[in-house]
Amino acid sequence: MKLATKAIILSDGRYLLQHRDNKKTIYSPDCWGLFGGMADDKETPEQCLVREIKEELSINCKILKKIHQCLNNETGTLNIFFLVSTKDKISPEKLKEGQNLGWFSEKEIKKLKTTWDIEYFLKYIEEKKKFQTTSK
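Engineer: Explain helix α1 (residues 45–57) to me, please; I cannot follow it from the model alone.
Structural biologist: Here α1 contains 13 residues, and its C-alpha end-to-end distance of 18 Å stays within 8% of the 18 Å for a straight helix at 1.5 Å per residue. Of all the residues in α1, the buried ones are Pro-45, Cys-48, Leu-49, Glu-52, Ile-53, Glu-56 and Leu-57. Seen along its axis, α1 keeps its buried residues to an arc of 125°; they face one direction. Against β1 (2–11), β2 (14–19), β4 (35–38), β5 (62–72), β6 (77–85) and β7 (100–104) lie the buried residues of α1. Of the residues one or two after α1, Ser-58 is the one with positive phi, at around 60°.

Below you can see the structure in the form of structure tokens.
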């Protein structure tokens, strides 16, 4: 089974997203998505995410915890979402993959053209909020 990782980088209630390249040869071209990518052979999900963040953003990150995982039935890829922190400055100048990056609130994300994983992640956030409300 193929494995992919997704980084949830949150600061002041805003999520960091990547504006993907506009190339027809890539998955979800010209959409906003989470940073991360496909694992290499024998690479753990954690190793994959740390490598991908370094490659894409030129920064070091720390994985705080696994948040969720889901199977993309269309591609047969298991996607693992991690909450990530970094002390390094994140800036568009350091971006190595994609057209741009940006910090967005949940409300702003809902107005963007996004990858499937963002849609799935937003649904997960909504379900979690409902659970927290009903468990109080």
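Engineer: What am I meant to see in the packing of aromatic side chains here?
Structural biologist: A ring pair, where both rings are aromatic, is described by two values, the distance of the centres and the angle of the planes. Applying the stated rule across the entire model yields five aromatic pairs. Relative to Phe-121, the ring of Tyr-15 has its centre 5.7 Å away and its plane inclined at 80°; by these criteria the two rings are edge-to-face. Of this pair, Tyr-15 sits in strand β2 while Phe-121 sits in helix α3 (residues 116–134), and the two are 106 residues apart along the sequence. Under the relative-accessibility criterion, Phe-121 is labelled buried at 7%. Each ring, one from Trp-32 and one from Phe-104, has its centre 4.9 Å from the other, and the planes form 75°; the classification is edge-to-face. One end of the pair, Trp-32, is in strand β3 (residues 32–33); the other, Phe-104, is in strand β7, and 72 residues separate them in sequence. For the pair Trp-32 and Phe-104, a shared accessibility class is recorded, and that class is buried.

Engineer: Help me understand the layout of surface pockets in this model?
Structural biologist: Remark: the empty space left among the atoms is shown by a probe the size of a water molecule rolled over them. By volume, the largest pocket is sized at about 400 Å³. As for the largest pocket, its lining consists of 24 residues, of which Lys-6, Arg-20, Tyr-27, Gly-36 and Gly-37 are closest to the centre. Of all the elements in the fold, those that place two or more residues in the lining of the largest pocket are β1, β4, α1, β6 and α3. Among the elements that line the lining of the largest pocket, the one with the most residues is β4, at four residues. Reported here for the second largest pocket is a volume of approximately 210 Å³. In terms of lining, the second largest pocket is formed by 12 residues, of which the most central are Tyr-15, Ile-67, Phe-121, Ile-125 and Lys-128. Per-element accounting of the lining of the second largest pocket gives the leading share, six residues, to α3.

Thresholds, definitions, all that
Just so you know, the residues in each chain are numbered from 1, in the order the chain's sequence is written. Restriction of local features to residues with pLDDT of at least 70 applies here, the model being predicted, together with a cutoff of 80 or more for giving and counting side-chain atom pairs; totals for whole chains, interfaces and linings are based on all residues. Side-chain metrics in this entry use all non-hydrogen atoms of the structure; hydrogen atoms and water are not considered. Secondary structure elements follow DSSP: runs of H or I no shorter than four residues count as helices, runs of E no shorter than two count as strands, and numbering proceeds from the N terminus. To estimate how far a helix should reach, multiply one less than its number of residues by 1.5 Å. For every residue, the accessible area (1.4 Å probe, protein chains only) is compared with the maximum for its type, and the residue is labelled buried under 20%, exposed over 50%, or partly exposed between those bounds. The directions considered for the arc run from the helix axis to the C-beta atoms. Two residues form a contact once any of their heavy atoms are found within 4.5 Å. Only centres within 6.5 Å qualify two rings of Phe, Tyr or Trp (six-membered ring in Trp) as a pair; their planes then separate them into stacked at under 30 degrees, edge-to-face at over 60, and tilted for everything else. Any residue with an atom within 4 Å of a point lines the site, the site being either a cavity, points on a 1 Å grid over the protein atoms alone where a 1.4 Å probe fits but cannot get out, or a pocket, an open set with protein on both sides within 12 Å along at least 5 of 7 lines. Grid points are joined across faces, edges and corners, and a volume is the space filled by probe spheres set on the points.

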